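Each chain is listed here by its residues.
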Amino acid sequence: MRPYIHKDFLLSTPAARELYHRFGEGQPIFDFHCHLSPKEIREDQRFETITQVWLAGDHYKWRLMRANGVPEELITGDGDPYEKFLAWARTVEKSVGNPLYAWTHMELKNYFGVEELLSEKTAPAIWQACNEKLQEPGFSARGLIRQSNVKALCTTDDPVDTLEHHAAISADESFPVQVLPAFRPETALHPEQANFRDWVSRLGQVTGKAIASLHDLEEALSQRAFYFKERGCLIADQSLQSPDFTVGTRQEAEAAFIKALSGEALSPAEQNAYQTQLLISLGRLYKKTGFVMQLHFGVLRNTNSRMFPITGPDAGFDCVGDGVSAASMAALFDALDKTDELPPTVIYSLNACDDDKLASVLGAFQQGTFPQKMQLGAPWWFSDHKDGMVKMMKALANTGLLSGFIGMLTDSRSFLSYARHEYFRRVLCNLLGQWMEDGEIPQDCELIGPMVRDICFGNAAAYFGLK
């Protein structure tokens, strides 16, 4: 019997196999949105156990472990590393059908050469084998990035960050991978967060100017954006729930900022006015800096109020929220486009029901001087599985140009998550191969193959201006 993860995994037709092995498999990776720690990359962190590199910070796995009845001590708590690994092994046995089942075994095979299925029975031997591998030179943070054939990656960085780790990495000629910052003014857009006022104060300290008005905030963010640009930044990123960009004047936004700065809670109307005006201002800023604007929508965060004080954010207690309306997105884009200040933009919605709608809105704002300026981003978070990827790519193909798609990203905190790029590439090739098999597209790998190559790497490198 062949192993579960084999060379033709997920490739169900001869055309799919040819597309993947000839055109997709060897492409480098540009991971343009991840949450890896630049400090850990700078320090070339070593990992004592598979638990440290595999389970720490991975809320995808944490959610499944909770679903399997694993106590929090063995998830985010201070439980023994081996017991945590064993708890994950027991969970993997029950996770058939979940994409994590495939990702888990792809990571074990790709990095550690382990082809056995992870289970409670096989866990002791796999624990020992992986931990032994982690002591080898190529299994540090940088080593794992090199193994994954990563050409460049963009971390996610707060405007107040000094970017000192990025500077040190850039100056180190022994590490050829570009590690670039991404500008993420997340807190600026969320005055409802408890740390908003403290963050605004810190931004003022970093820029050397007290922030007492919305104009002051915008000036400070502009200063920091250009600081990021000087240090290689290509991308800005922000995440919202389901904002309404059709409402709210500049005057209302200014009043809302003053109110939030005084510690008062904003009404939904005030929140919408504030986010609308600030995001329009940020869009104009990104046009000036040359940043691509990434927008994430449709996530409902920190829903479990009992667990939040225990685990903090990003611990697996977020969920799919309502989508963003077409009218809202069109209003934002139009406000920027009518003055020719709409930057290249990538939209991600956590609600997969938005795929066709968002693709159609994006199509209304494409620009002849910039191919595929407006991008429907890869399936995000709860949708980055085979079904979600196929659905998204079909929506893009039906409404625009699949050939111009900028492809996959990890959106991960784990140095082992690059297997997700391989997973995506296999799904992409299988979809195109099936279309070829069914006669829906030409049965010509010389025509379709370059399209695969571009989606895997070339389109993203060109779109973001990777050097």
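Preceding this paragraph is the structure being described.
In what follows, the accompanying structure is described. (Residues numbered from 1 in each chain as written. Predicted model: local features only at pLDDT ≥ 70, side-chain atom pairs only at ≥ 80, totals over all residues. Heavy atoms only, no water.)

Things to note about the overall build of the protein chain
Within the protein chain one finds 19 helices and 10 strands. Here the C-alpha atoms of the protein chain give a radius of gyration of 22 Å, agreeing with the 23 Å that 2.2 N^0.38 yields for 467 residues. The C-alpha extent of the protein chain, read off along each of the three principal axes, is 70 × 55 × 45 Å. Each of the 467 residues in the protein chain was classed as buried or not, and the buried ones make up 57%. (Helix = DSSP H or I, 4+ residues; strand = E, 2+ residues; numbered from the N terminus. Rg over C-alpha atoms; globule rule 2.2 N^0.38 Å. Buried < 20%, exposed > 50% of the residue type's maximum accessible area, 1.4 Å probe, protein only.)

Here we look at the pairing of strand S5 (residues 235-239)
With 5 of 5 residues buried, S5 is to be regarded as a mostly interior element. Residues of S5 alternate between two faces, with Ile235, Asp237 and Ser239 on one and Ala236 and Gln238 on the opposite face, all of them buried. In terms of strand pairing, S5 meets strand S6 (residues 292-297) through 5 bridges, oriented parallel. Bridge pairing links aspartate 237 to glutamine 294 in S6. (Pairing = 2+ DSSP bridges.)

Remarks on the sheet that holds S6
Overall, parallel pairing links the 5 strands, which are arranged S4-S5-S6-S9-S10 in an open sheet. Edge positions in the sheet fall to strand S4 (182-183) and strand S10 (374-376), since each has one partner strand and no second. Here S6 pairs with strand S9 (residues 345-349) via 5 bridges, running parallel. Bridge assignment links glutamine 294 to a residue of S9, and that residue is valine 346. Where helix H15 (residues 326-337) meets the sheet, its contacts fall on S6, S9 and S10, and the angle it forms with S6 comes to roughly 165°. (Contact = heavy atoms within 4.5 Å. Axes fitted to C-alpha atoms, helices over the stretch in contact; angles between N-to-C directions.)

What about the packing of helix H5 (residues 81-93) against helix H7 (residues 123-133)?
Between two packed helices, what matters for the description is the angle formed by their axes and the separation of those axes. The geometry of H5 relative to H7 is characterised by a closest axis approach of 10 Å and an angle of 125° between their N-to-C directions. Of the possible angle classes, the one that applies to H5 and H7 is oblique. The handedness of the crossing between H5 and H7 comes out as right-handed. From H5, Pro81, Tyr82, Phe85, Leu86 and Ala89 reach across to H7, where they touch Ala123, Pro124, Ile126 and Trp127. Here the residues of the contact of H5 with H7 are counted per class, giving 9 nonpolar, no polar and no charged. (Parallel < 35°, antiparallel > 145°, perpendicular 65-115°, else oblique. Left-handed = near helix turned anticlockwise from the far one by under 90°. Nonpolar A, V, L, I, M, F, W, Y, C, P; charged D, E, K, R; others polar.)

Overview of the packing of helix H17 (residues 386-399) against helix H18 (residues 419-437)
Their axes nearest at 10 Å, the elements H17 and H18 cross at an angle of 55°. In this view, H17 runs oblique relative to H18, as classed from their interaxial angle. With respect to the hand of their crossing, H17 and H18 are arranged in right-handed fashion. For the pair H17 and H18, contact is made by Lys386, Met389, Val390, Met393, Lys394 and Ala397 and by Tyr423, Phe424, Val427, Leu428, Asn430, Leu431 and Trp435, respectively. In the contact of H17 with H18, the residues fall into 10 nonpolar, 1 polar and 2 charged.

Comments concerning H18
Look at H18: 27 Å from first C-alpha to last across 19 residues, which is about the 27 Å you get at 1.5 Å a residue. In terms of burial, H18 is largely enclosed, as 17 of its 19 residues are buried. Looking one or two places after H18, you find glycine 439, whose phi comes out positive at around 75°. (Expected span 1.5 Å × (residues − 1).)

Thoughts on the sheet that holds strand S3 (residues 178-180)
Ordered in space as S1-S2-S3, the 3 strands form an open sheet in which the pairing is parallel. Two strands in the sheet have a free side with no partner beyond their single neighbour: strand S1 (29-31) and S3. Strand-to-strand twist of the sheet, defined as the mean angle between neighbouring strand axes without regard to direction, takes the value 10°.

Topic: H15
The end-to-end C-alpha distance of H15 is 16 Å, a good match for the 16 Å that 12 residues give at a rise of 1.5 Å each. Contacts from the buried residues of H15 go to helix H13 (268-289), S6, S9, helix H16 (355-363) and S10.

Side note on the environment of serine 140
Positionally, serine 140 belongs in the loop between H7 and helix H8 (141-147). Note: C-alpha distance between serine 140 and tryptophan 54 (86 residues apart in sequence) is 13 Å. In contact with serine 140, not counting residues within four places along its chain, are Asp44, Gln45, Arg46 and Phe47.

Points about the packing of aromatic side chains
In this structure the tally under the stated criterion is 26 aromatic pairs. Both rings, one in tyrosine 4 and one in tyrosine 101, keep their centres 5.4 Å apart while their planes meet at 55°; by these two values the pair is tilted. Here tyrosine 101 lies in helix H6 (residues 99-112) and tyrosine 4 lies in the segment before helix H1 (14-24), a separation of 97 residues in the sequence. Seen from their ring centres, phenylalanine 183 and phenylalanine 291 are 6.3 Å apart, and the 45° between their planes marks the pair as tilted. Pair noted here: phenylalanine 183 is in strand S4 and phenylalanine 291 is in the loop between H13 and S6, with a separation of 108 residues, a long-range link. Given the relative accessible area of 0%, phenylalanine 183 is considered buried. Residue phenylalanine 291 is classed as buried on the basis of its relative accessible area, which comes to 1%. In this structure an aromatic cluster arises from ring pairing among Phe30, Phe32, Phe370, Tyr463 and Phe464. (Phe/Tyr/Trp six-rings, centres within 6.5 Å; stacked < 30°, edge-to-face > 60°.)

A closer look at the pairing of strand S2 (residues 150-154)
Counted residue by residue, S2 has 4 buried out of 5 residues, so it is predominantly covered. Here 3 bridges tie S1 to S2, and the two strands are oriented parallel to one another. Across the sheet, aspartate 31 pairs through a bridge with leucine 153, a residue of S2. Across 3 bridges, S2 lies against S3 in parallel orientation. When the sheet's bridge partners are listed, cysteine 154 is paired in S3 with leucine 180.

Some details on the side chain of aspartate 157
Mapped onto the fold, aspartate 157 is located in the loop between S2 and helix H9 (164-171). Buried and unpaired, aspartate 157 has arginine 184 as its nearest opposite-charge partner, separated by 9.8 Å. At 2.7 Å, the side chain of aspartate 157 forms a polar contact with the side chain of threonine 155. Residues within four places of aspartate 157 in sequence aside, it is in contact with Pro38, Leu163, His166, Pro181, Ala182, Phe183, Arg184 and Phe228. (Lys, Arg positive; Asp, Glu negative; His and termini not counted. Salt bridge = Lys/Arg side-chain N within 4 Å of Asp/Glu carboxyl O. Polar contact = N/O pair within 3.5 Å; in protein donor to acceptor, adjacent residues only side chain to side chain.)

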